Amino acid sequence: MKNIVNIAYSYHNSNKGITRIWTTLPMDHPDVTCTHSPEEKTIDDGNNELFYFTLKENEQFQMNYSIDTYKQNEQKMLTDKEKAFYLRSGTLVVVDEQMRNLAHEITAGAVTTMEKAKAIFNYTVTQYKYVYPPKGRGTKSFLQAKQGDCGEYSFLFSSLCRSIGIPCRTLIGSWANGKMGAHVWNELYDEQAGWVPVDCSLASLQKKKKFQFLFSNIRTLKWTAYFGQLEGQRVVFSYDAELYLSPKYNDLDKLTIVNSPYPPIAPFQIDGEPFYWGYEAVDGCAPYLQPVYMQFDQENLSLKPNKNEHNYLGKWKITETGAQGVFLKLKNWSYAAFFVFFTLSLLLSSPLVS
């Protein structure tokens, strides 16, 4: 059953000079309405399509498209390139001796791929705390701090799975209703089941903070169900973090950034060092594309940094259609009616209102 959503994305270049932009939005699809054509398109070994374009000062990029919400991919075979891509080690998703030892310890006694992955899921959900925003990004930061957001849960799950030979990827996306509902989760690969969805962060919240989504428009599940099952209210922007950027990203030297008249915002740390979003990459890769990554002109370092999140991610709004859209409207009206009559019952003595 399809659950089509409408996605409206926009980015306004309020910066000085040219802003270079990489995105995984489907810019060249025939049913897409878009103000720009991509200047370059690349497909990586994980089959992610990356589009590159530039915006002049004060130029506006807008894009509208419709897509089905996320569903499990039952792909039964991976090419050698795909397998290597989803087993690789990076800066955020680390595969090393420490991670291998931890993964073997967690999965002791497990035999099948699914048994091992389920053990890693249970460990990740129970041993770490959800905190937003995190001070640092990546597996090593999460291991040390024992707390982080959906990204850190996903990076750790990917690291542990890859460390024992289970292909795994981090899905960068959004909740399928409302504005800027960014979210991150995982898929592990099993030869019998294909790509199996896993959401450690949401499982952790449902286990430890059951009322977190009481007034949310997201349908929640029992925490154990988030291994292998999701609610069907999310969309994918890109498959995996640390996607290589082409044309090549021209990192600014760290000292140039730090010693500039107005050092830019460093939203988080990587390996204990501040990471300057929009001025450097992670070994030539975007830390994640949600759904864009950009490079600002060096001229902006002479100005006070723009602290608006839209300057770094753009804006998006996702609208559910069909039965899901109707249900959402009814739910919102029900909440509004409840609060109106509850307030009136406190102010009036009428038994009818009560």
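The structure this text deals with has already been given above.
All values derive from a computational prediction rather than experimental measurement.

Chemist: Lay out the sheet that holds strand β13 (residues 194-198) in plain terms, naming residues and giving numbers.
Modeler: An order of β13-β12-β10-β14 is seen for the four strands of this open sheet, with the pairing classed as antiparallel. The sheet is open, and its two borders are formed by β13 and β14 (234-239), each paired with just one other strand. Ignoring strand direction, the axes of neighbouring strands in this sheet form an average angle of 40°. Across five bridges, strand β10 (residues 168-175) lies against β14 in antiparallel orientation. Residue isoleucine 172 lies in a different strand from β14, and its bridge partner there is serine 238.

Chemist: Residue-level account of the pattern of salt bridges, with values.
Modeler: A full pass over the atoms with the stated rule returns 14 salt bridges. When the shortest N-O distance is used, the salt bridge between aspartate 68 and lysine 71 registers 3.1 Å. For glutamate 231, the salt bridge is made with arginine 234, and the minimal N-O distance between the two is 2.8 Å. Overall, glutamate 231 belongs to the buried group, its relative accessible area being 4%. Assessed through its relative accessible area of 0%, arginine 234 is described here as buried.

Chemist: Residues and numbers for unusual backbone geometry, please.
Modeler: Going from tyrosine 132 to proline 133, the amide bond is cis rather than trans, its omega being -5°. Residues serine 246 and proline 247 are joined by a peptide bond in cis, for which omega reads 0°. With respect to the helices and strands, the residue proline 247 is situated in the loop between β15 (243-244) and α7 (254-258). Backbone geometry places lysine 146, a non-glycine residue, at a positive phi of 65°. If you trace the backbone, lysine 146 turns up in the loop between α4 (139-145) and β9 (147-148). By relative accessible area, which is 39% here, lysine 146 ends up partly exposed. The phi dihedral of aspartate 271 is positive, around 55°, even though this residue is not glycine.

Chemist: How would you summarise the environment of leucine 289 if you had to cite specific residues and measurements?
Modeler: By secondary structure assignment, the location of leucine 289 is in the loop between β18 (285-286) and β19 (292-295). Judged by its relative accessible area of 1%, leucine 289 is buried. Remark: the alpha-carbon pair of leucine 289 and glycine 181, spanning 108 residues in sequence, is separated by 14 Å.

Chemist: Which residues make up the packing of helix α2 (residues 97-106) against helix α5 (residues 150-163), and what are the values?
Modeler: What describes two packed helices is the angle between their axes and the distance between those same axes. Packing of α2 against α5 brings their axes to within 8 Å, and their N-to-C directions diverge by 85°. Taken as axis vectors, α2 and α5 run roughly perpendicular relative to one another. Taken together, the residues of α5 that come into contact with α2 (itself represented by Met99, Arg100, Leu102, Ala103 and Ile106) are Leu156, Ser159, Leu160 and Ser163. Split by residue class, the contact of α2 with α5 holds six nonpolar, two polar and one charged.

Chemist: Explain the pairing of strand β2 (residues 19-23) to me, using residue names and the numbers behind them.
Modeler: The buried fraction of β2 is high, at five of five residues. Side-chain alternation along β2 places Thr19, Ile21 and Thr23 on one buried face and Arg20 and Trp22 on a second face that is also buried. Alignment of β2 against strand β5 (residues 49-55), held across five bridges, turns out to be antiparallel. Across the sheet, isoleucine 21 pairs through a bridge with phenylalanine 53, a residue of β5.

Chemist: Can you explain the sheet that holds β2? Please cite residues and give values.
Modeler: Paired through backbone hydrogen bonds, the strands of a sheet run either parallel or antiparallel to each other. One open sheet holds the four strands; their spatial order is β4-β5-β2-β19, and the pairing between them is antiparallel. Of all strands in the sheet, those with a lone pairing partner are β4 (40-43) and β19, marking the two edges. Looking at each pair of strands side by side, their axes are set apart by 20° on average, direction ignored. The sheet contact formed by β4 and β5 spans four bridges and is antiparallel. Residue pairing for β5: threonine 42 is matched across the bridge by leucine 50.

Chemist: Describe the side chain of serine 159, and please don't skip the residues or the numbers.
Modeler: Relative to the helices and strands, serine 159 is located in helix α5. Classification of serine 159 by relative accessible area gives buried; the value is 0%. Residues in contact with serine 159, not counting those within four places in the same chain, are Leu92, Val93, Val94, Val95, Met99 and Thr139.

Chemist: I'd like to hear about the packing of α5 against helix α6 (residues 200-208), residue by residue, with values.
Modeler: Contact pair α5 / α6: the axes reach a minimum separation of 8 Å and the direction vectors enclose 120°. For the pair α5 and α6, the contacting residues are Cys150, Tyr153 and Phe157 in the first and Cys200, Ser201, Ser204 and Lys208 in the second. Considered class by class, the residues forming the contact of α5 with α6 number four nonpolar, two polar and one charged.

Chemist: Describe α2, and please don't skip the residues or the numbers.
Modeler: All buried positions along α2 are accounted for by Met99, Leu102, Ala103 and Ile106. An end-on view of α2 places all buried positions within 100° of arc, on one side of the element. In this structure, the buried side of α2 is in contact with α3 (113-127), α4 and α5.

Definitions and limits used
Every chain is numbered on its own, with residues counted from 1 as its sequence reads. Only residues with pLDDT of 70 or above have their local features reported here, since the model is predicted, and side-chain atom pairs are shown and tallied only from 80 upward, although totals for entire chains, interfaces and linings are computed over all residues. Side-chain descriptors were evaluated using all non-hydrogen atoms of the structure, hydrogens and water having been removed beforehand. Each pair of strands is called paired provided DSSP finds at least two bridges between the two strands. Secondary structure is summarised from DSSP: a helix means a run of H or I of at least four residues, a strand means a run of E of at least two, and numbering begins at the N terminus for each. The angle between two axes is taken between their N-to-C directions and runs from 0 to 180 degrees, where each axis is a line fitted to C-alpha atoms and a helix contributes only its stretch in contact. Salt bridges are defined as contacts in which a side-chain nitrogen from Lys or Arg sits within 4 Å of a carboxyl oxygen from Asp or Glu. In this scheme, a residue with accessible area under 20% of its type's maximum is buried, one over 50% is exposed, and one in between is partly exposed, where area comes from a 1.4 Å probe on protein chains only. Roughly parallel here means an angle under 35 degrees, roughly antiparallel means over 145, roughly perpendicular means 65 to 115, and every remaining angle is called oblique. Whether two residues are in contact is decided by their heavy atoms, any of which lying within 4.5 Å being enough. Under this grouping Gly is polar, as are all residues other than the nonpolar Ala, Val, Leu, Ile, Met, Phe, Trp, Tyr, Cys and Pro and the charged Asp, Glu, Lys and Arg. Read the arc as the range of directions from the helix axis to the C-beta atoms.

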